[in-house]
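Results of the structural survey
Each chain, letter by letter, is given below.
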Amino acid sequence: MSRLMLVVPCYNEEECLPETVDKLTECLCSLINKGKIDPDSGMLLVNDGSRDSTWELIKSFFETNQYVYGVNLAANSGHQNALMAGIETAAQICDFSVSIDADLQDDIGVIEEMVDKYIGGADIVYGVRGDRSTDSGFKRFTAESFYKFLKLMGVKTVYNHADFRLMSKRAMEDLCQYKEQNLYLRGIIPLIGYKTDSVYYSRKERTAGESKYPLKKMISLAWNGITSFSVKPILFITWVGALMSALSFGALIVVTVLALCGFCFTTADFLLVSVWLVGGLLMLSLGIVGQYVGKILTETKNRPRYRISEFLNRN
């Protein structure tokens, strides 16, 4: 039997954490009783610099629940970094892990199916949202559009998969070799290789509290994913520049011909419109290129992605 560690990033989750721990404990006990995982398996709760009593709750669960382990980050590092901290820590103490968000909108009922696929030889098992009917229409539209746009940009990813996944020890160890500062795990993990599989489930309502991924953060995550794995936005600038040059040249010919035919045009009108158009395109182009330059700066600094201030371990 292999030792499983459930990796759960937590940020201001005091409202839903008690129920989350109860349900994950039931899940672990069920798998242990069926002889599918080692009795020393557990859940690793990663506190991402929460401003509420999340860490105090984790410490109390550590004292009363034999399956609870805890990692406290020194400061808020962001969801992807907190998840990476959990995976890198879990890789040292378990044989395989399953990452899942603390709100349990991802169905823990399919974890057993994930474990079965791992026992069958899969190194990575993706949890795929086959039904998103509990999401709002806007949320569903933006999420699905995001995955389609990533594919259009040439980013290798799994459609309708977030961060609910199983990883074997060697897959986790290989992931730890990726040293990007701008983390987008949904794009990195498909690059690892090995045998992969998927399980499908219906997305649930959040158990308690508020979503930690409002529209602003979702847009930021999407943009980070695109600019971290694709240079097509820069290629797009090149094509737009070429198109604008062609249109400008064509407009010049049309205006010249019309002027020769007796039509009257005010030069100031053309200048004003063209300056606005070209100025806007230049600002957009500089902004996109600046995003890539900024990422290069971040990568060259090579700062730690997170710092662990405390690790509650039973070993």
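The residue numbering used here restarts from 1 in each chain and proceeds along that chain's sequence as written. Side-chain atom pairs in this predicted model are given and counted only at pLDDT of 80 or more, local residue features only at pLDDT of at least 70, and totals for whole chains, interfaces and linings cover all residues. To get the side-chain values, all heavy atoms of the structure are used, and hydrogens and water are removed first.

**Comments concerning the nonpolar core**
Counted only if it meets this: By nonpolar core we mean a set of buried residues, namely Ala, Val, Leu, Ile, Met, Phe, Trp, Tyr and Cys, connected to one another through side-chain atoms within 4.5 Å. Burial classes follow relative accessibility: with a 1.4 Å probe on protein chains only, a residue under 20% of its type's maximum area counts as buried, one over 50% as exposed, and anything between as partly exposed. Each helix is a run of H or I in the DSSP string that is no shorter than four residues. Each strand is a run of E no shorter than two, and both are numbered from the N terminus. Contact criterion: two residues are considered in contact whenever any of their non-hydrogen atoms come within 4.5 Å of each other.
In this structure, Leu4, Met43 and Ile111 are the most contacted members of the largest nonpolar core, which totals 38 residues. Residue contributions to this core peak at seven residues, all from helix α1 (residues 17-33). Not counting chain neighbours up to four residues away, the residues in contact with methionine 43 comprise Met5, Leu6, Val21, Leu24, Thr25, Leu28, Tyr67, Val68 and Tyr69. In this structure, Val46, Leu83, Leu185 and Ile189 belong to the second largest nonpolar core, which totals 30 residues.

**Let's talk about the packing of aromatic side chains**
Centre distance and the angle of the planes are the two values used to describe a pair of aromatic rings. Worth spelling out the cut-off: Pairs were defined over the aromatic rings of Phe, Tyr and Trp, the Trp ring being its six-membered one, requiring ring centres within 6.5 Å. Orientation was assigned from the angle between planes: stacked under 30 degrees, edge-to-face over 60, tilted for the rest.
Throughout the structure, instances matching the rule amount to two aromatic pairs. When the ring of phenylalanine 96 is compared with that of tyrosine 118, the centres are 4.0 Å apart and the planes differ by 15 degrees; the resulting orientation is stacked. On the criterion of sequence distance, the pair formed by phenylalanine 96 in strand β4 (residues 96-99) and tyrosine 118 in helix α4 (residues 111-119) is long-range, its members being 22 residues apart. Overall, the relative accessible area of 17% leaves tyrosine 118 in the buried class. Judged by centre distance (5.5 Å) and plane angle (80 degrees), the rings of phenylalanine 164 and tyrosine 201 are edge-to-face. With a gap of 37 residues between them, phenylalanine 164 in strand β6 (residues 161-168) and tyrosine 201 in strand β7 (residues 196-202) connect regions that are remote in the sequence.

**With respect to the confidence of the model for the chain**
The cut-off we apply is this: Per-residue confidence from the predictor is given as pLDDT, running between 0 and 100.
Per-residue pLDDT for the chain has a mean of 80; in total, 67% of the residues score no lower than 70. No element of the chain has a lower mean pLDDT than helix α8 (residues 215-229), which averages 63, and none a higher one than strand β2 (residues 42-47), which averages 95.

**Topic: the pattern of salt bridges**
As a reminder, the rule being used: For salt bridges, the criterion is a side-chain nitrogen of Lys or Arg within 4 Å of an Asp or Glu carboxyl oxygen.
Under the defined criterion, the tally for this structure stands at ten salt bridges. Linking aspartate 123 and arginine 170 is a salt bridge whose minimum nitrogen-to-oxygen distance equals 2.9 Å. Here aspartate 123, found in the loop between α4 and β5 (124-131), pairs with arginine 170, found in helix α6 (residues 169-175); they are 47 residues apart in sequence, far enough to count as distant. In this structure arginine 170 comes out as partly exposed when scored by relative accessible area, which is 43%. A salt bridge links aspartate 163 to arginine 165; its shortest N-O distance comes to 2.9 Å. This pair shows no difference in class: aspartate 163 is buried, exactly as arginine 165 is. Through salt bridges that share partners, Lys34, Lys36, Glu112 and Asp116 make up one connected network.

**Concerning the pairing of β4**
Let me state the cut-off plainly: Here a strand pair is declared whenever DSSP counts at least two bridges between the two strands.
On β4, burial covers both faces: Phe96 and Val98 on one face and Ser97 and Ser99 on the other are all buried. One ladder, built from four bridges, connects strand β1 (residues 4-10) with β4; its direction is parallel. Residue pairing for β4: valine 7 is matched across the bridge by serine 99. The pairing of β4 with β6 spans four bridges and is classified as antiparallel. The residue bridging serine 99 from the neighbouring strand is arginine 165, located in β6.

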